[in-house]
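# Observations on the three-dimensional arrangement
What follows is the residue order along each chain.
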4 protein chains.
Amino acid sequence: MSINSFGHLFRVTTWGESHGPSLGATVDGCPPGIDVDPELLQYWLDQRKPGQSKYTTQRREADEVEILSGVFEGKTTGTPVQLMIRNTDQRSKDYGDIAEKFRPGHADITYWLKYGIRDYRGGGRSSARETAARVAAGGLARAALATLAPEVQIRGYMTRIGPHGIDRERFDAAQISENPFFCPDADAADSWADYLDGLRKSGNSVGAVIEVVAKGVPAGLGAPVYGKLDTDLAAAMMSINAVKGVEIGEGMNAACLTGEENADEIFLGNDGKPMFSSNHAGGILGGISSGQDIVVRFAVKPTSSILKTRQTITKSGEATEIITKGRHDPCVGIRAVPVGEAMMACVILDHLLLHRGQVGDAGGKIG
Amino acid sequence: MSINSFGHLFRVTTWGESHGPSLGATVDGCPPGIDVDPELLQYWLDQRKPGQSKYTTQRREADEVEILSGVFEGKTTGTPVQLMIRNTDQRSKDYGDIAEKFRPGHADITYWLKYGIRDYRGGGRSSARETAARVAAGGLARAALATLAPEVQIRGYMTRIGPHGIDRERFDAAQISENPFFCPDADAADSWADYLDGLRKSGNSVGAVIEVVAKGVPAGLGAPVYGKLDTDLAAAMMSINAVKGVEIGEGMNAACLTGEENADEIFLGNDGKPMFSSNHAGGILGGISSGQDIVVRFAVKPTSSILKTRQTITKSGEATEIITKGRHDPCVGIRAVPVGEAMMACVILDHLLLHRGQVGDAGGKIG
Amino acid sequence: MSINSFGHLFRVTTWGESHGPSLGATVDGCPPGIDVDPELLQYWLDQRKPGQSKYTTQRREADEVEILSGVFEGKTTGTPVQLMIRNTDQRSKDYGDIAEKFRPGHADITYWLKYGIRDYRGGGRSSARETAARVAAGGLARAALATLAPEVQIRGYMTRIGPHGIDRERFDAAQISENPFFCPDADAADSWADYLDGLRKSGNSVGAVIEVVAKGVPAGLGAPVYGKLDTDLAAAMMSINAVKGVEIGEGMNAACLTGEENADEIFLGNDGKPMFSSNHAGGILGGISSGQDIVVRFAVKPTSSILKTRQTITKSGEATEIITKGRHDPCVGIRAVPVGEAMMACVILDHLLLHRGQVGDAGGKIG
Amino acid sequence: MSINSFGHLFRVTTWGESHGPSLGATVDGCPPGIDVDPELLQYWLDQRKPGQSKYTTQRREADEVEILSGVFEGKTTGTPVQLMIRNTDQRSKDYGDIAEKFRPGHADITYWLKYGIRDYRGGGRSSARETAARVAAGGLARAALATLAPEVQIRGYMTRIGPHGIDRERFDAAQISENPFFCPDADAADSWADYLDGLRKSGNSVGAVIEVVAKGVPAGLGAPVYGKLDTDLAAAMMSINAVKGVEIGEGMNAACLTGEENADEIFLGNDGKPMFSSNHAGGILGGISSGQDIVVRFAVKPTSSILKTRQTITKSGEATEIITKGRHDPCVGIRAVPVGEAMMACVILDHLLLHRGQVGDAGGKIG
């Protein structure tokens, strides 16, 4: 019952703090014989690397991932894979202010209340830096999926920054890699740039919504009733720093629909597999994948470390004010996109293995 | 790695199908010496019992809970508690239609695709009837909380049915038990009654939003980073039948806020504990409770079993139509209120025990 | 982390006390589509049923197993299987003596020290009666093995009672079912009968050694390094009441061998699979099955409930004497034979599923 | 369900191969506020370090442990502790022979059959080198015990090498650190030296028995019925490389005792705690510690890598001979002593935390 682990059979344990010597992911249960291309792992890490645009933190980290175990002559051996990333830009600065004061909206105060000790440097374990380890593990999961279920394609993007949502009519997947926001709507990306420029200059921050879609996921994945695919996805996404809401398919809006509206009607496709008239379900029925696209959305709250003055208290209980200088993301949601993709990859692979173990090829056919 | 279990130390495994002889919850890890009042357990079960108003299914179930183990002379012994509920109203009817056709929006098709066999009677394991076992386990969790953390108070209620939300200005906790909808807004309850009457007569159904609040939860509960309190709450709620979205505090709306708006400022209360100017966080920071109210919301999709004609296919792959007769909830969200409360109770107790084990009394103080 | 559960994917949780209304096993993770023959399940239970000879307790229990969930039209559905056994012979007697005094060598005192409460009736949860639930679960595991790995054959027998061991030269598997001791050596069975008669009349008890062999287990099962096949077998056997030692292959005697003696030399069989010159390893190398017979032995201590007078104390701390009347096994090891078989079946099935999930068909071939 | 992890709340995941860049232990669930003295950690590692006498492998490893996370200003923070050890003496030699041939008695063949790929260099993951990570984790467990239960004292020693056992009459704890065998009997140590000299020169190896005793363990630890203290100890010890048997207290010999002989009679000590007339139970009754010394013994088989010629096959299935040159332990049991101690420390701490979480201070008193 490691509480820094997730996954059933593909089991990821992350470790490390923002300003320690290194951090990483201990991945247990990766199947043997998977080709691991270090450059591809690095590619995924580069997606969330800080300092790539003016819209993310200016901390400079190479985020180079080192494979310390579990891979032999380019292939996984079935033993634990240790993925380590060194911290290189722990700026030697005075942390006195954060050490004594609690940032409103931040984990500072709850880590203190829980543990009676905290590594306050850069947020310690509660830093979004922990997500680098998730992305490394996600890269390994993708490598395994490439072998075991090559039809699976995972793509994340932002659909909202603060008050500005995308227009679904303008959705263009090709745009996602063309702007610093992973935004599939070129017009929205432009307005986000303006909006974030203003926020950044005023020392403020803002929240965001990320959507992650997995195409090509075979039907039958998910283990009812407490290891449902949506249950595990909800946990995976909610565990990401600053996430406050998770939706599958229609999400919260499902409350507004009637049964008639919500029911995705079923047809038989030319490939002998079920087809659906719509995807309100987000690809999951009864906790099990239906073969449709898996659609997950999550909301990231605004970064708590801002230049705005806020009321708070010190460890000694004295009332005070705080403004947080330093290098912070005006919209930490941006870098949450590759993290959401990584979590999706881990969960899908995990359930693929779990299904293989529990059910094998006993699944039903249509026709 | 039981996939029909949840919880770390207070570990609940539910079992049973809608139309089998019985169903129940095997609860492992309940602390010893807890007073268990069978009438109180029954009280909670009666809250979700079907057939109590015309707005829920007319299936008649006594839902009497039997304690088969783990309790001796009225107290828990620290050994597994088996809570069993017999199914009494499995109407002897022809299930042929459901046996062959897949209901759109229902788990019928995915259970088939996954397992190659399904107990189609009443939905089998995917039936909302499984939630009776959760409520029984939740009753036990409440009993343990009454001893170990008596200040914890858990209350759930509906905030939306279809297009009709409550008005927060009219929120009155005393109203919750005064209408068949667990609605804290008397006016909304009236309009819901009218709205559901219409839906029911037309054979349609509708979704809903439930909010569950836990007051008096001590600061420090939650185990970062993959056993966070919000992570486990998200999983717990998403595992409930028909849930499509889960929110903590501001939830999806957090995406729309700036850092300045979202930061709950901190003050020192007269009791020496932190106080906050607002509760955008829903009582959880960095995955750890802050001492504020824990606020969780989830959306339940409309019941899939409706009298409206929908297109579907048979197991043999033939196109056909389906309408689902029988006794179904026009708004299954109503009975999800006590289920959400039960899950909240289980998660809070579980994290109380987990914190006691992992951290003990090492937690920090203010001042 | 249910501590009344064992298994990774085939996950068994037992519940119930000696003198409660019933006890049972909640089995999660049994693959779907397995034929379950209730008479065969009952057959296994009858093997350990008390009161079948004068050498076991005279408590009369029908030990009828009821399947409450997870089986539909004779086949498993992939959902939890609840196996319940009612307690029928809880003789209404005065337990006052056991309630106040601690039996030397028994769990009475440690349950009290741990939990501060105990169901003293018949030993409560610590009673060997709990093993009935294991045998029921083991019966289900055997059913799954019959489908998934029909070549697996599991057989247990006694090799020692007190000072009297079997003679391996006289080993005859056909004898095992021909005497009340599961003894493969007819001569030893005769001498055991005499020896136990004497012990029983004097109110004493004695220990035993049980050996369980699994033939036909495919190579490759076992998950190094903390889910090794031998690790899980050791845990499974040590968890049985009164077990004090567990051995694989040579067991403790391995300490006396040289590397030259111990090395099972390897050849290629006609079937293209490895053959070995001997089986010091007990079929397991590096925690993984080699294809040879899996050989496990365990020692069961003598029953603590004896008619001999022993010194002890009361709950109040007063020095006193105790003799335990009632219906007890003079050699509880006898009924441990079917329990050991059941645990073997559960562990083998569990690792079969685990291997299928983690590794699939990536395993290596010779040649 | 990480299969390279052990422990419930103090959860250790080891990773790494014999000849990879490094190996280590990811320790999750260490309580916060524990003083961690790197020199003390190193002290424990030095106990099992190879190359310290001519009786262990001549591989030269500094075995320096680096703390990469979870410790801040000398204290644990409650977050995962990463303990890494670099491999420095991976001699660049030709592994061709081991790569193609399977060593009899070794995991070579089963890793191949299971995974279809193996890091054959030095045994890869199956190397006893993995135990360095256990010792590091055990050092952390000892540090936590020093704070939480300072009365606990753990000591391991050898009681047998091959045919030569110690004489219990000559047991002298002070001798354990005075010879290269952790032998409490000075005379036996002398004869072992002679015996091993002979074996080593002839290129042979031999097995051993190790006994580990924990004094001062509070009564009440152990979680029946599948997380019993003896169950977890059996698993912990059996998971160590080359272990073939595990005993608690009387162990296998319990089979030879009568109930009268085996029952440890109970008295009340001057401290108000129970005292026992003997310790056949090895300090554990019903899976729960009684307050007596916890006594565990395990047998280690002889090293499989020997200079003696043995028959085997190649990956291609050809019959061949093998002798294993290189640097190997003539008696790998010697270095298993600190490993057994480490496992004991981890299990005791784990159950201390588990008991604290599940039961708190509800335990019973005598008198």
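Reading the values: the criteria
Residues numbered from 1 in each chain as written. Chains lettered and ligands numbered in written order. Predicted model: local features only at pLDDT ≥ 70, side-chain atom pairs only at ≥ 80, totals over all residues. Heavy atoms only, no water. UniProt positions renumbered as here; feature names shortened; annotations may be inferred. Least-squares fit on C-alpha atoms with pLDDT ≥ 70 in both. Contact = heavy atoms within 4.5 Å. Buried area = accessible area lost by both parts, 1.4 Å probe. Salt bridge = Lys/Arg side-chain N within 4 Å of Asp/Glu carboxyl O. Helix = DSSP H or I, 4+ residues; strand = E, 2+ residues; numbered from the N terminus. Buried < 20%, exposed > 50% of the residue type's maximum accessible area, 1.4 Å probe, protein only. Lys, Arg positive; Asp, Glu negative; His and termini not counted. Phe/Tyr/Trp six-rings, centres within 6.5 Å; stacked < 30°, edge-to-face > 60°. Pairing = 2+ DSSP bridges. Axes fitted to C-alpha atoms, helices over the stretch in contact; angles between N-to-C directions.

Chain A carries the name Chorismate synthase in an unreviewed UniProt entry, which gives Pseudooceanicola sediminis as its organism. Recorded in UniProt under Subunit (unreviewed entry), the annotation for chain A is "Homotetramer."

Further remarks concern the relation of the copies chain B and chain D. Superposing chain B onto chain D takes a rotation of 180° plus a shift of 0.0 Å along the axis, which leaves an RMSD of 0.0 Å. Interpreted geometrically, this transformation is the action of a two-fold axis. Rotation axis and chain B: the residue whose C-alpha lies nearest the axis is Gly357(B), separated from it by 1.8 Å. Take the interface residues of chain B: 100% of them recur as interface residues in chain D, which is what a same-surface contact looks like.

Turning to the relation of the copies chain B and chain A, a few remarks are in order. Each copy superposes on the other: chain B lies on chain A with an RMSD of 0.0 Å after a rotation of 180° and an axial shift of 0.0 Å. Most of the interface of chain B is mirrored in chain A: 100% of its interface residues are interface residues there too.

This part takes up the interface of chain B and chain A. Taken together, the contacts link 112 residues of chain B with 112 residues of chain A. Here chain B and chain A share an interface that buries about 8,800 Å² over both sides, 63% of which is from carbon and sulfur atoms. If you sort the residues of chain B by the area they bury against chain A, Lys114(B), Tyr226(B) and Lys244(B) come out on top, with a joint share of 10%. Seen at the junction of chain B and chain A, the total is 2 salt bridges. With a closest N to O distance of 3.7 Å, Glu265(A) and Arg310(B) form a salt bridge.

Turning to the side chain of Glu17(A), a few remarks are in order. Along the polypeptide, Glu17(A) turns up in the loop between β2 (11-16) and β3 (22-28). One buried charged residue, Glu17(A), remains without a salt bridge, the closest side chain of opposite sign being Arg125(A) at 5.0 Å. Discounting residues that sit within four places of it in the chain, Glu17(A) has contacts with Ser22(A), Leu23(A), Asn87(A), Asp119(A), Gly124(A), Arg125(A), Ser69(D), Gly70(D), Thr77(D) and Thr79(D).

Right, let's talk about the packing of aromatic side chains for a bit. Residue and element names in this part refer to chain B. For the coordinates displayed, the defined rule picks out 28 aromatic pairs over all chains. Note on Tyr55 and Phe181: the rings are 4.8 Å apart at their centroids and 50° apart in plane angle, and the pair reads as tilted. Of this pair, Tyr55 sits in the loop between α1 (38-48) and β4 (65-69) while Phe181 sits in the loop between β9 (164-165) and α5 (186-201), and the two are 126 residues apart along the sequence. We note that Tyr55, like Phe181, is buried. Summarising the aromatic geometry, the rings of Tyr111 and Tyr115 are spaced 5.7 Å apart at their centres and angled 55° between planes, so their arrangement reads as tilted. Pair noted here: Tyr111 and Tyr115 are both in helix α3 (residues 108-115), with a separation of 4 residues, about one helical turn.

Here Pro224(C) and Val225(C) are connected by a cis peptide whose omega angle stands at 5°. Following the sequence through the fold, Val225(C) ends up in the loop between β10 (208-215) and α6 (229-238). Positive phi outside glycine occurs at Ala242(B), with the angle close to 75°. You can call Ala242(B) partly exposed: its relative accessible area is 23%. One non-glycine residue with positive phi stands out, namely Glu73(C), at about 50°.

Taken together, the 10 strands give an open sheet; going across it, the order is β9(C)-β8(C)-β10(C)-β16(C)-β11(C)-β11(D)-β16(D)-β10(D)-β8(D)-β9(D), and neighbouring strands pair in antiparallel fashion. Each edge of the sheet is formed by a strand with only one pairing partner; in this case those strands are β9 (164-165) of chain C together with β9 (164-165) of chain D. Strand direction decides the pairing type here: strand β8 (residues 153-161) of chain C and β9(C), joined by 2 bridges, are antiparallel. Its bridge partner lying in β9(C), Arg160(C) is registered against Gly165(C). Against the sheet, helix α5 (residues 186-201) of chain C engages β8 and β9 of chain C, with an angle of about 55° to β8(C).

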